Amino acid sequence: FVSQIQGDERISQDVAAQVSVAVAPGIDFVSADQVEAAAKQAGLDEATTAALLDDYETAQIQALKTGLLGAAVLALISLAFTRDLPHGPPGVPTTAPPTTVDA
């Protein structure tokens, strides 16, 4: 998010620097409405607020896609370890018991 803002021509370097300082203490997930309200409360003009909001929403979507991709990769990797799991319903032997022949 911060790198998008710093590279966005619609946002001044002063505003980008302030945003960088504001998000540096930690990773907070807030709604786009909260970002818009904070930008307006900070006195940013409408164009800068729209650009900031656009970059934030893009960053949220990118983070979601990355997280889902990571979860999918982990799920696929975990399939390699399920080979030895039982294949039948519980309580049913997987192999037939040996038969004895009475002579």
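Shown above is the structure to which this text applies.
Residues numbered from 1 in each chain as written. Predicted model: local features only at pLDDT ≥ 70, side-chain atom pairs only at ≥ 80, totals over all residues. Heavy atoms only, no water.

### Thoughts on the pattern of salt bridges
In a structure, side chains of opposite charge can pair up when their charged atoms sit close to one another.
Reasoning step 1: What the rule picks out here adds up to 1 salt bridge.
Reasoning step 2: In this structure, Glu36 and Lys40 form a salt bridge, with 3.4 Å as the shortest nitrogen-oxygen distance. You can see Glu36 and its partner Lys40 sitting in helix H3 (residues 32-41), 4 residues apart, about one turn around the helix.
Reasoning step 3: Judged by its relative accessible area of 45%, Lys40 falls in the partly exposed class. (Salt bridge = Lys/Arg side-chain N within 4 Å of Asp/Glu carboxyl O. Helix = DSSP H or I, 4+ residues; strand = E, 2+ residues; numbered from the N terminus. Buried < 20%, exposed > 50% of the residue type's maximum accessible area, 1.4 Å probe, protein only.)

### Observations regarding the side chain of Thr48
Reasoning step 1: Along the chain, Thr48 falls in helix H4 (residues 46-79).
Reasoning step 2: Not counting residues within four places of it along the chain, the set of residues in contact with Thr48 comprises Arg10, Ile11 and Val15. (Contact = heavy atoms within 4.5 Å.)

### Some thoughts on the nonpolar core
Reasoning step 1: Formed by Ile5, Ile11, Val15, Ala16, Val19, Ala32, Val35, Ala39, Ala51, Leu52, Leu53 and Tyr56, the largest nonpolar core amounts to 12 residues.
Reasoning step 2: Ranked by the residues each element gives to this core, the list is headed by H4, at 4 residues.
Reasoning step 3: Setting aside residues no more than four positions away along its own chain, Ile5 makes contact with Ile11, Ala16, Val19, Leu52 and Asp55. (Core = buried A, V, L, I, M, F, W, Y, C linked by side-chain atoms within 4.5 Å.)

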